[in-house]
Amino acid sequence: MAPPLSHVRVLDLSRVMAGPWAGQLLADLGADVIKVERPGTGDDTRGWGPPFLKDRAGADGDSGYYLATNRGKRSLTVNLEKPEGQGLVRRLAARSDILLENFKVGTLARFALAYDDLKAINPRLIYCSITGFGQDGPKAPKVAYDFLIQAMGGLMSVTGEEDGRPGGGPQKVGIPLLDLMTGMYATVAVLAALANREVSGRGDYIDLAMYDVQAGVLANQAMNYLLSGNTPRRYGNGHPNIMPQQVFKCRDGDIVLAVGNDGQFSRMCNALGRPELATDERYARNAARVGHRDELLELLAQIFAQWSRADLVERLQQAEVPCGPINNIPEVFADPQIKHRGMRIDIDHQTAGTVPQVANPIRLADAALRYDRPPPLLGQHSLEILRELGLDDAEIAELRRAEII
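Owing to the predicted nature of the structure, the values given are computational and were not obtained by experimental measurement.

Reading the values: the criteria
Residues numbered from 1 in each chain as written. Predicted model: local features only at pLDDT ≥ 70, side-chain atom pairs only at ≥ 80, totals over all residues. Heavy atoms only, no water. Pairing = 2+ DSSP bridges. Helix = DSSP H or I, 4+ residues; strand = E, 2+ residues; numbered from the N terminus. Axes fitted to C-alpha atoms, helices over the stretch in contact; angles between N-to-C directions. Salt bridge = Lys/Arg side-chain N within 4 Å of Asp/Glu carboxyl O. Buried < 20%, exposed > 50% of the residue type's maximum accessible area, 1.4 Å probe, protein only. Contact = heavy atoms within 4.5 Å. Polar contact = N/O pair within 3.5 Å; in protein donor to acceptor, adjacent residues only side chain to side chain. Core = buried A, V, L, I, M, F, W, Y, C linked by side-chain atoms within 4.5 Å. Phe/Tyr/Trp six-rings, centres within 6.5 Å; stacked < 30°, edge-to-face > 60°. Lys NZ or Arg CZ within 6 Å of the ring centre and 35° of its normal. Patch = residues over 30% accessible without salt bridge, like charges linked within 9 Å, V, L, I, M, F, W, Y side chains within 5 Å. Areas by Shrake-Rupley, 256 points an atom, 1.4 Å probe, with all protein chains shown as cover. Parallel < 35°, antiparallel > 145°, perpendicular 65-115°, else oblique. Left-handed = near helix turned anticlockwise from the far one by under 90°. Nonpolar A, V, L, I, M, F, W, Y, C, P; charged D, E, K, R; others polar.

A. Structural context of the sheet that holds strand β5 (residues 73–77). One open sheet accounts for 6 strands, arranged β5-β2-β1-β6-β7-β8; its pairing is parallel. Here the strands that pair on one side only, and so sit at the sheet edges, are β5 and β8 (204–209). Each neighbouring strand pair of the sheet contributes to a mean axis angle of 20°, computed without reference to strand direction. Bridging between strand β2 (residues 32–37) and β5 involves 5 bridges; their strand directions are parallel.

Written out as C-alpha coordinates, the structure is:
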(Lines give C-alpha, C1' and ligand atoms only; values in the text may rest on other atoms or scores of the structure.)
Protein backbone atom coordinates (compact mmCIF):
# COMPACT_ATOMS: atom_id res chain seq x y z
CA MET A 1 0.00 0.00 0.00
CA ALA A 2 1.44 3.35 -1.02
CA PRO A 3 1.39 6.17 1.54
CA PRO A 4 -1.38 8.70 0.80
CA LEU A 5 1.00 11.61 0.10
CA SER A 6 3.62 9.70 -1.90
CA HIS A 7 2.92 12.03 -4.84
CA VAL A 8 3.59 15.22 -2.83
CA ARG A 9 6.85 17.15 -2.42
CA VAL A 10 7.36 19.50 0.53
CA LEU A 11 10.06 22.16 0.81
CA ASP A 12 10.61 22.65 4.55
CA LEU A 13 12.43 25.88 5.36
CA SER A 14 11.30 25.82 8.98
CA ARG A 15 13.20 25.02 12.15
CA VAL A 16 12.71 24.38 15.87
CA MET A 17 9.25 22.80 16.47
CA ALA A 18 6.00 24.02 14.88
CA GLY A 19 7.06 23.89 11.22
CA PRO A 20 9.20 20.76 11.57
CA TRP A 21 6.31 19.00 13.36
CA ALA A 22 4.09 19.69 10.34
CA GLY A 23 6.86 18.51 8.02
CA GLN A 24 7.25 15.27 9.97
CA LEU A 25 3.50 14.58 9.84
CA LEU A 26 3.55 15.09 6.08
CA ALA A 27 6.61 12.84 5.77
CA ASP A 28 4.91 10.10 7.80
CA LEU A 29 2.03 10.31 5.34
CA GLY A 30 4.47 9.68 2.50
CA ALA A 31 5.49 13.12 1.25
CA ASP A 32 9.05 13.73 0.06
CA VAL A 33 10.10 16.42 2.55
CA ILE A 34 13.30 18.34 1.82
CA LYS A 35 14.59 20.09 4.94
CA VAL A 36 16.71 23.13 4.09
CA GLU A 37 19.23 24.02 6.83
CA ARG A 38 22.07 26.43 7.47
CA PRO A 39 25.47 25.02 6.54
CA GLY A 40 27.58 24.09 9.53
CA THR A 41 24.94 24.44 12.24
CA GLY A 42 21.59 23.36 10.83
CA ASP A 43 18.37 23.47 12.81
CA ASP A 44 18.86 25.06 16.25
CA THR A 45 17.35 22.00 17.92
CA ARG A 46 20.17 19.71 16.81
CA GLY A 47 22.09 21.06 19.80
CA TRP A 48 19.19 21.30 22.29
CA GLY A 49 20.39 18.61 24.67
CA PRO A 50 21.29 16.49 26.48
CA PRO A 51 20.25 13.86 25.82
CA PHE A 52 21.93 13.19 22.48
CA LEU A 53 21.86 10.14 20.24
CA LYS A 54 25.18 8.33 20.56
CA ASP A 55 26.93 7.04 17.46
CA ARG A 56 28.50 3.58 17.37
CA ALA A 57 31.70 4.99 18.92
CA GLY A 58 29.78 6.62 21.78
CA ALA A 59 30.11 10.21 20.56
CA ASP A 60 27.21 12.64 20.80
CA GLY A 61 25.08 13.14 17.70
CA ASP A 62 21.80 15.03 17.35
CA SER A 63 19.61 15.89 20.34
CA GLY A 64 16.46 14.08 21.35
CA TYR A 65 14.56 17.31 20.68
CA TYR A 66 15.65 17.34 17.03
CA LEU A 67 15.05 13.61 16.65
CA ALA A 68 11.44 14.04 17.84
CA THR A 69 10.43 16.32 14.95
CA ASN A 70 12.41 15.50 11.83
CA ARG A 71 11.81 11.86 10.93
CA GLY A 72 11.27 11.07 7.27
CA LYS A 73 13.01 14.10 5.76
CA ARG A 74 16.00 14.68 3.51
CA SER A 75 18.48 17.35 4.63
CA LEU A 76 20.01 19.89 2.26
CA THR A 77 22.28 22.68 3.49
CA VAL A 78 21.84 26.06 1.77
CA ASN A 79 23.18 29.50 2.64
CA LEU A 80 20.17 31.74 2.09
CA GLU A 81 22.22 34.90 2.59
CA LYS A 82 23.86 34.40 -0.81
CA PRO A 83 22.12 34.83 -4.18
CA GLU A 84 23.23 31.39 -5.33
CA GLY A 85 21.57 29.82 -2.29
CA GLN A 86 18.39 31.76 -2.95
CA GLY A 87 18.50 30.52 -6.51
CA LEU A 88 18.64 26.91 -5.31
CA VAL A 89 15.56 27.44 -3.15
CA ARG A 90 13.69 28.95 -6.11
CA ARG A 91 14.57 25.92 -8.22
CA LEU A 92 13.33 23.61 -5.47
CA ALA A 93 10.13 25.64 -5.03
CA ALA A 94 9.41 25.32 -8.74
CA ARG A 95 9.26 21.53 -8.25
CA SER A 96 7.40 21.50 -4.91
CA ASP A 97 3.76 21.27 -3.92
CA ILE A 98 4.06 22.73 -0.40
CA LEU A 99 6.48 25.14 1.26
CA LEU A 100 6.74 25.51 5.05
CA GLU A 101 8.60 28.43 6.64
CA ASN A 102 8.78 30.15 10.00
CA PHE A 103 11.14 33.06 9.44
CA LYS A 104 10.51 36.49 10.94
CA VAL A 105 7.97 38.55 9.03
CA GLY A 106 9.62 40.04 5.93
CA THR A 107 12.83 37.98 6.05
CA LEU A 108 12.17 35.84 2.99
CA ALA A 109 10.91 38.86 1.04
CA ARG A 110 14.45 40.29 1.36
CA PHE A 111 15.71 37.17 -0.38
CA ALA A 112 13.02 37.31 -3.09
CA LEU A 113 11.61 34.09 -1.63
CA ALA A 114 8.23 35.43 -0.44
CA TYR A 115 4.98 33.91 -1.65
CA ASP A 116 4.49 36.38 -4.49
CA ASP A 117 8.05 35.72 -5.71
CA LEU A 118 7.61 31.96 -5.76
CA LYS A 119 4.01 32.05 -7.00
CA ALA A 120 5.33 33.63 -10.19
CA ILE A 121 7.55 30.57 -10.64
CA ASN A 122 5.03 27.96 -9.47
CA PRO A 123 1.37 29.11 -9.37
CA ARG A 124 0.38 25.73 -7.86
CA LEU A 125 2.61 26.17 -4.81
CA ILE A 126 0.97 26.05 -1.37
CA TYR A 127 3.02 28.37 0.85
CA CYS A 128 2.55 28.18 4.64
CA SER A 129 4.11 30.89 6.82
CA ILE A 130 4.22 30.13 10.56
CA THR A 131 5.00 33.01 12.92
CA GLY A 132 4.33 33.96 16.51
CA PHE A 133 1.79 36.69 15.80
CA GLY A 134 0.95 36.56 12.09
CA GLN A 135 1.91 38.65 9.09
CA ASP A 136 0.08 41.81 10.20
CA GLY A 137 -0.99 43.63 13.37
CA PRO A 138 0.97 45.53 16.04
CA LYS A 139 2.84 42.44 17.31
CA ALA A 140 3.66 40.94 13.90
CA PRO A 141 7.42 41.76 13.99
CA LYS A 142 7.95 40.29 17.46
CA VAL A 143 9.68 36.97 18.13
CA ALA A 144 7.70 34.30 20.01
CA TYR A 145 8.33 30.92 21.58
CA ASP A 146 5.88 28.35 22.87
CA PHE A 147 6.35 29.34 26.53
CA LEU A 148 5.64 32.99 25.78
CA ILE A 149 2.51 32.19 23.78
CA GLN A 150 1.19 29.89 26.52
CA ALA A 151 1.52 32.88 28.86
CA MET A 152 0.15 35.59 26.60
CA GLY A 153 -2.62 33.44 25.16
CA GLY A 154 -4.31 32.60 28.46
CA LEU A 155 -3.29 28.97 28.79
CA MET A 156 -1.16 29.52 31.88
CA SER A 157 -3.99 31.45 33.53
CA VAL A 158 -6.08 28.25 33.58
CA THR A 159 -3.23 25.77 34.15
CA GLY A 160 -1.74 25.03 37.57
CA GLU A 161 -2.91 24.69 41.13
CA GLU A 162 -5.43 27.14 42.52
CA ASP A 163 -4.12 30.33 44.07
CA GLY A 164 -3.77 30.05 47.84
CA ARG A 165 -3.00 26.32 47.74
CA PRO A 166 0.47 24.74 47.97
CA GLY A 167 2.11 25.10 44.58
CA GLY A 168 -0.57 27.51 43.45
CA GLY A 169 0.06 29.83 40.54
CA PRO A 170 0.34 29.83 36.75
CA GLN A 171 2.01 26.83 35.14
CA LYS A 172 2.98 25.96 31.59
CA VAL A 173 2.06 22.62 30.04
CA GLY A 174 4.85 20.01 30.24
CA ILE A 175 5.25 19.73 26.46
CA PRO A 176 5.55 22.54 23.86
CA LEU A 177 1.82 22.28 23.27
CA LEU A 178 1.44 25.42 21.17
CA ASP A 179 4.24 24.44 18.83
CA LEU A 180 2.63 21.03 18.39
CA MET A 181 -0.89 22.43 17.90
CA THR A 182 0.43 25.00 15.42
CA GLY A 183 2.14 22.18 13.52
CA MET A 184 -1.14 20.28 13.48
CA TYR A 185 -3.08 23.31 12.21
CA ALA A 186 -0.41 23.87 9.57
CA THR A 187 -0.80 20.27 8.41
CA VAL A 188 -4.59 20.60 8.22
CA ALA A 189 -4.28 23.89 6.34
CA VAL A 190 -1.83 22.68 3.69
CA LEU A 191 -3.83 19.50 3.10
CA ALA A 192 -7.02 21.56 2.73
CA ALA A 193 -5.24 23.81 0.22
CA LEU A 194 -3.92 20.72 -1.57
CA ALA A 195 -7.46 19.36 -1.88
CA ASN A 196 -8.74 22.72 -3.10
CA ARG A 197 -5.97 22.87 -5.71
CA GLU A 198 -7.48 19.77 -7.30
CA VAL A 199 -10.54 21.91 -8.07
CA SER A 200 -9.06 25.37 -8.67
CA GLY A 201 -5.71 24.41 -10.15
CA ARG A 202 -4.10 27.13 -8.03
CA GLY A 203 -1.94 27.12 -4.94
CA ASP A 204 -2.56 29.30 -1.89
CA TYR A 205 -0.91 31.30 0.87
CA ILE A 206 -1.45 30.34 4.53
CA ASP A 207 -0.74 32.89 7.29
CA LEU A 208 -0.66 30.89 10.53
CA ALA A 209 0.07 32.57 13.89
CA MET A 210 0.83 30.71 17.11
CA TYR A 211 -1.01 33.41 19.08
CA ASP A 212 -4.13 32.83 16.95
CA VAL A 213 -3.81 29.08 17.50
CA GLN A 214 -3.62 29.57 21.26
CA ALA A 215 -6.75 31.72 21.21
CA GLY A 216 -8.46 29.13 19.00
CA VAL A 217 -7.74 26.21 21.30
CA LEU A 218 -8.99 27.91 24.45
CA ALA A 219 -12.17 26.10 23.42
CA ASN A 220 -14.55 25.61 26.37
CA GLN A 221 -12.60 28.05 28.54
CA ALA A 222 -13.08 30.78 25.95
CA MET A 223 -16.79 30.03 25.67
CA ASN A 224 -17.14 30.01 29.46
CA TYR A 225 -15.90 33.60 29.41
CA LEU A 226 -17.80 34.72 26.30
CA LEU A 227 -21.09 33.39 27.66
CA SER A 228 -20.74 34.47 31.28
CA GLY A 229 -18.34 37.39 31.29
CA ASN A 230 -16.50 35.69 34.17
CA THR A 231 -12.75 35.24 34.00
CA PRO A 232 -11.81 31.53 33.96
CA ARG A 233 -9.40 30.55 36.72
CA ARG A 234 -7.11 27.70 37.64
CA TYR A 235 -8.67 24.61 39.20
CA GLY A 236 -5.52 22.56 39.58
CA ASN A 237 -6.39 19.08 38.36
CA GLY A 238 -10.10 19.83 38.50
CA HIS A 239 -12.41 20.76 35.64
CA PRO A 240 -14.41 24.00 35.45
CA ASN A 241 -17.50 22.39 33.89
CA ILE A 242 -17.54 18.68 34.80
CA MET A 243 -17.61 17.04 38.22
CA PRO A 244 -15.96 15.02 39.56
CA GLN A 245 -12.74 15.11 37.56
CA GLN A 246 -9.78 15.24 39.90
CA VAL A 247 -6.70 13.55 41.33
CA PHE A 248 -7.45 11.59 44.50
CA LYS A 249 -5.15 9.98 47.05
CA CYS A 250 -5.59 6.32 47.93
CA ARG A 251 -3.78 4.55 50.76
CA ASP A 252 -0.78 3.78 48.56
CA GLY A 253 -0.85 6.20 45.65
CA ASP A 254 -2.84 8.57 43.48
CA ILE A 255 -5.46 8.00 40.81
CA VAL A 256 -7.27 10.19 38.31
CA LEU A 257 -11.06 10.08 38.29
CA ALA A 258 -12.68 11.41 35.10
CA VAL A 259 -16.44 11.14 35.50
CA GLY A 260 -18.01 12.59 32.35
CA ASN A 261 -21.77 12.23 32.82
CA ASP A 262 -24.51 11.50 35.33
CA GLY A 263 -24.65 7.80 34.47
CA GLN A 264 -20.98 7.34 35.23
CA PHE A 265 -21.42 9.20 38.52
CA SER A 266 -24.30 6.92 39.51
CA ARG A 267 -22.25 3.80 38.68
CA MET A 268 -19.33 5.18 40.70
CA CYS A 269 -21.56 5.73 43.74
CA ASN A 270 -22.95 2.20 43.50
CA ALA A 271 -19.46 0.70 43.10
CA LEU A 272 -18.29 2.56 46.20
CA GLY A 273 -21.27 1.36 48.23
CA ARG A 274 -22.70 4.87 48.46
CA PRO A 275 -25.77 4.76 46.16
CA GLU A 276 -27.48 7.55 48.11
CA LEU A 277 -25.04 10.09 46.70
CA ALA A 278 -26.36 9.51 43.18
CA THR A 279 -29.89 10.54 44.23
CA ASP A 280 -28.88 13.44 46.48
CA GLU A 281 -30.17 16.60 44.80
CA ARG A 282 -26.79 18.26 45.42
CA TYR A 283 -25.01 15.65 43.32
CA ALA A 284 -27.51 13.92 41.04
CA ARG A 285 -26.88 16.22 38.05
CA ASN A 286 -23.59 17.57 36.77
CA ALA A 287 -24.60 21.24 37.11
CA ALA A 288 -25.50 20.63 40.77
CA ARG A 289 -22.19 18.84 41.37
CA VAL A 290 -20.29 21.78 39.88
CA GLY A 291 -22.19 24.07 42.24
CA HIS A 292 -21.25 21.92 45.24
CA ARG A 293 -17.70 21.24 44.05
CA ASP A 294 -15.77 21.68 47.29
CA GLU A 295 -18.00 19.59 49.53
CA LEU A 296 -18.22 16.76 46.97
CA LEU A 297 -14.45 16.67 46.49
CA GLU A 298 -13.89 16.54 50.23
CA LEU A 299 -16.41 13.72 50.60
CA LEU A 300 -14.86 11.66 47.80
CA ALA A 301 -11.36 12.27 49.15
CA GLN A 302 -12.40 10.73 52.47
CA ILE A 303 -13.89 7.69 50.71
CA PHE A 304 -10.96 7.08 48.33
CA ALA A 305 -8.39 7.40 51.13
CA GLN A 306 -9.72 4.13 52.55
CA TRP A 307 -8.92 2.16 49.37
CA SER A 308 -5.73 0.79 47.89
CA ARG A 309 -5.06 2.20 44.46
CA ALA A 310 -5.18 -1.14 42.64
CA ASP A 311 -8.44 -2.23 44.29
CA LEU A 312 -10.15 1.09 43.64
CA VAL A 313 -9.10 1.23 39.98
CA GLU A 314 -10.26 -2.35 39.45
CA ARG A 315 -13.62 -1.70 41.15
CA LEU A 316 -14.32 1.48 39.21
CA GLN A 317 -13.16 0.12 35.87
CA GLN A 318 -15.43 -2.91 36.32
CA ALA A 319 -18.26 -0.40 36.77
CA GLU A 320 -17.16 1.39 33.54
CA VAL A 321 -16.16 4.52 35.42
CA PRO A 322 -13.18 6.25 33.73
CA CYS A 323 -10.20 6.22 36.08
CA GLY A 324 -6.58 5.18 36.11
CA PRO A 325 -3.11 5.64 37.58
CA ILE A 326 -0.88 8.62 36.87
CA ASN A 327 1.86 7.07 34.74
CA ASN A 328 5.31 8.50 34.22
CA ILE A 329 6.81 8.35 30.72
CA PRO A 330 8.54 4.95 31.17
CA GLU A 331 5.26 3.51 32.47
CA VAL A 332 3.46 4.81 29.37
CA PHE A 333 5.78 2.90 27.06
CA ALA A 334 5.59 -0.19 29.28
CA ASP A 335 1.79 -0.19 29.12
CA PRO A 336 0.52 -3.30 27.27
CA GLN A 337 -1.93 -1.15 25.29
CA ILE A 338 0.79 1.17 24.00
CA LYS A 339 2.94 -1.86 23.15
CA HIS A 340 0.04 -3.52 21.35
CA ARG A 341 -0.58 -0.37 19.30
CA GLY A 342 3.10 -0.21 18.31
CA MET A 343 3.65 3.35 19.50
CA ARG A 344 7.39 2.83 19.94
CA ILE A 345 9.32 2.04 16.78
CA ASP A 346 13.03 1.78 15.95
CA ILE A 347 14.44 2.99 12.63
CA ASP A 348 17.81 2.19 11.08
CA HIS A 349 20.21 5.11 11.51
CA GLN A 350 23.37 5.86 9.56
CA THR A 351 25.70 6.50 12.52
CA ALA A 352 23.88 5.11 15.57
CA GLY A 353 22.65 1.81 14.14
CA THR A 354 19.05 2.50 15.16
CA VAL A 355 17.13 5.43 16.61
CA PRO A 356 13.99 5.06 18.75
CA GLN A 357 10.90 6.97 17.66
CA VAL A 358 7.33 7.53 18.75
CA ALA A 359 5.03 6.30 16.00
CA ASN A 360 2.44 8.47 14.31
CA PRO A 361 -0.96 7.72 15.93
CA ILE A 362 -2.80 7.84 12.59
CA ARG A 363 -4.04 4.44 11.39
CA LEU A 364 -5.29 4.13 7.80
CA ALA A 365 -7.06 1.00 6.62
CA ASP A 366 -6.03 1.23 2.96
CA ALA A 367 -2.73 3.09 3.08
CA ALA A 368 0.54 2.71 4.94
CA LEU A 369 2.53 5.33 6.79
CA ARG A 370 6.19 5.75 5.98
CA TYR A 371 8.99 5.11 8.47
CA ASP A 372 11.89 4.34 6.15
CA ARG A 373 13.92 7.50 6.80
CA PRO A 374 15.38 8.41 10.22
CA PRO A 375 15.89 12.06 11.17
CA PRO A 376 18.63 13.09 8.75
CA LEU A 377 22.18 14.07 9.53
CA LEU A 378 22.99 17.66 8.62
CA GLY A 379 23.31 17.90 4.84
CA GLN A 380 23.03 14.14 4.49
CA HIS A 381 21.12 14.35 1.21
CA SER A 382 22.65 17.51 -0.29
CA LEU A 383 24.45 15.71 -3.10
CA GLU A 384 21.41 13.56 -3.91
CA ILE A 385 19.00 16.52 -4.05
CA LEU A 386 21.31 18.76 -6.08
CA ARG A 387 21.81 16.03 -8.66
CA GLU A 388 18.02 15.72 -8.89
CA LEU A 389 17.99 19.43 -9.78
CA GLY A 390 20.36 18.66 -12.63
CA LEU A 391 23.63 19.97 -11.19
CA ASP A 392 26.77 18.11 -12.14
CA ASP A 393 29.72 17.33 -9.88
CA ALA A 394 31.68 20.41 -10.98
CA GLU A 395 28.76 22.73 -10.20
CA ILE A 396 28.24 21.09 -6.80
CA ALA A 397 31.95 21.41 -6.01
CA GLU A 398 31.80 25.12 -6.86
CA LEU A 399 28.81 25.61 -4.52
CA ARG A 400 30.82 23.97 -1.75
CA ARG A 401 33.87 26.10 -2.48
CA ALA A 402 31.74 29.25 -2.31
CA GLU A 403 30.14 28.06 0.96
CA ILE A 404 26.66 28.01 -0.56
CA ILE A 405 25.95 24.46 0.67
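B. Spotlight on the pattern of salt bridges. Summed over all chains, the structure comprises 26 salt bridges. Aspartate 372 is the salt-bridge partner of arginine 370, the closest N and O atoms lying 2.7 Å from each other. Among the salt bridges present, the one from arginine 387 reaches aspartate 393, with a minimum N-O distance of 2.9 Å. Residue classification places aspartate 393 among the partly exposed positions, given a relative accessible area of 48%. Salt bridges here are not isolated pairs; linked through shared partners, they connect Arg9, Asp32, Arg74, Arg373, Glu384 and Glu388.

C. Region of interest: the environment of serine 157. Here serine 157 is to be found in the loop between α6 (146–152) and α7 (177–200). With relative accessibility at 36%, the residue serine 157 sits in the partly exposed group. With 75 residues separating them along the chain, serine 157 and proline 232 place their C-alpha atoms 7.8 Å apart. Setting aside residues up to four positions removed in sequence, serine 157 forms contacts with Pro232, Arg233 and Arg234. Polar side-chain contacts of serine 157 include one of 2.7 Å to the backbone oxygen of glycine 154.

D. Structural detail: the nonpolar core. Val10, Leu100 and Val190 are the most contacted members of the largest nonpolar core, which has 29 residues in total. At the level of secondary structure, the elements contributing two or more residues to this core comprise α1 (18–28), β6 (98–101), β7 (126–131), α7, β8 and α8 (210–216). Tallying contributions element by element places α7 first for this core, with 5 residues. Ignoring any residue separated from it by four or fewer positions in sequence, one finds leucine 100 in contact with Val10, Leu11, Asp12, Leu13, Ser14, Gly19, Ala22, Gly23, Leu26, Cys128 and Val190. In terms of nonpolar packing, the next biggest core, distinct from the first, is built from 28 residues, Phe111, Leu125, Tyr127 and Leu391 among them.

E. Looking closely at the packing of aromatic side chains. For the structure on display, the rule yields 6 aromatic pairs. Across the ring face of phenylalanine 103, the terminal group of arginine 15 is positioned such that the distance to the ring centre comes to 4.4 Å. Lying across the ring of phenylalanine 265, arginine 289 places its NZ or CZ 4.4 Å from the centre.

F. Up close: the sheet that holds strand β10 (residues 253–258). Spatially, 3 strands are ordered β9-β10-β11 in an open sheet, and the strand pairing comes out antiparallel. Taken across any chain shown, the strands that pair with only one partner, and hence form the sheet edges, are β9 (245–250) and β11 (323–325). Across the sheet, the mean angle from the axis of one strand to that of its neighbour is 25°, orientation sign disregarded. As defined by bridge partners, β9 adjoins β10 across 6 bridges and the pair is classed as antiparallel. Across the sheet, residue cysteine 250 finds its bridge partner in β10, namely glycine 253. The sheet strands contacting helix α13 (residues 293–304) are β9 and β10, and the helix crosses β9 at an angle near 35°. Along the sheet, helix α14 (residues 309–318) contacts β9, β10 and β11; its crossing angle with β10, the most-contacted strand, is approximately 20°.

G. Unusual backbone geometry, seen in detail. With an omega of 5°, the peptide bond running from proline 50 to proline 51 counts as cis. On the secondary structure map, proline 51 appears in the loop between β2 and β3 (52–54). Of note in this structure, valine 16 is not a glycine but carries a positive phi near 75°.

H. Region of the structure containing a nonpolar patch on the surface. A grouping of Met223, Tyr225, Leu226 and Leu227 is seen on the molecular surface, where their side chains present a nonpolar patch of about 470 Å² in accessible area. Along the polypeptide, leucine 226 turns up in helix α9 (residues 219–228).

I. Broad picture of the environment of cysteine 323. Locating cysteine 323 in the fold gives a position in strand β11. Judged by relative accessible area, cysteine 323 falls into the buried class, the value being 16%. Residues cysteine 323 and valine 33, 290 residues apart in the sequence, show an inter-C-alpha distance of 41 Å. For cysteine 323, the residues in contact, after removing those within four places along its chain, are Val256, Leu257, Val313, Leu316 and Gln317.

J. Structural context of the side chain of threonine 131. Checked against the element boundaries, threonine 131 lands in strand β7. Among the polar contacts made by the side chain of threonine 131, one reaches the main-chain amide nitrogen of glycine 134 at a distance of 2.9 Å. The contacts of threonine 131, once residues within four sequence positions are left out, are Phe103, Val105, Leu208, Ala209 and Met210.

K. Structural context of the packing of α1 against α7. It is at 7 Å that the axes of α1 and α7 come closest, and there the two elements cross at 50°. Comparing their axes, α7 and α1 come out oblique. Handedness of the crossing formed by α1 with α7: right-handed. Between α1, through Ala18, Trp21, Ala22, Leu25 and Leu26, and α7, the contact on the second element is made entirely by Asp179, Leu180, Thr182, Gly183, Met184, Ala186, Thr187, Val190 and Leu191. A breakdown of the residues in the contact of α1 with α7 according to their chemical character gives 10 nonpolar, 3 polar and 1 charged.

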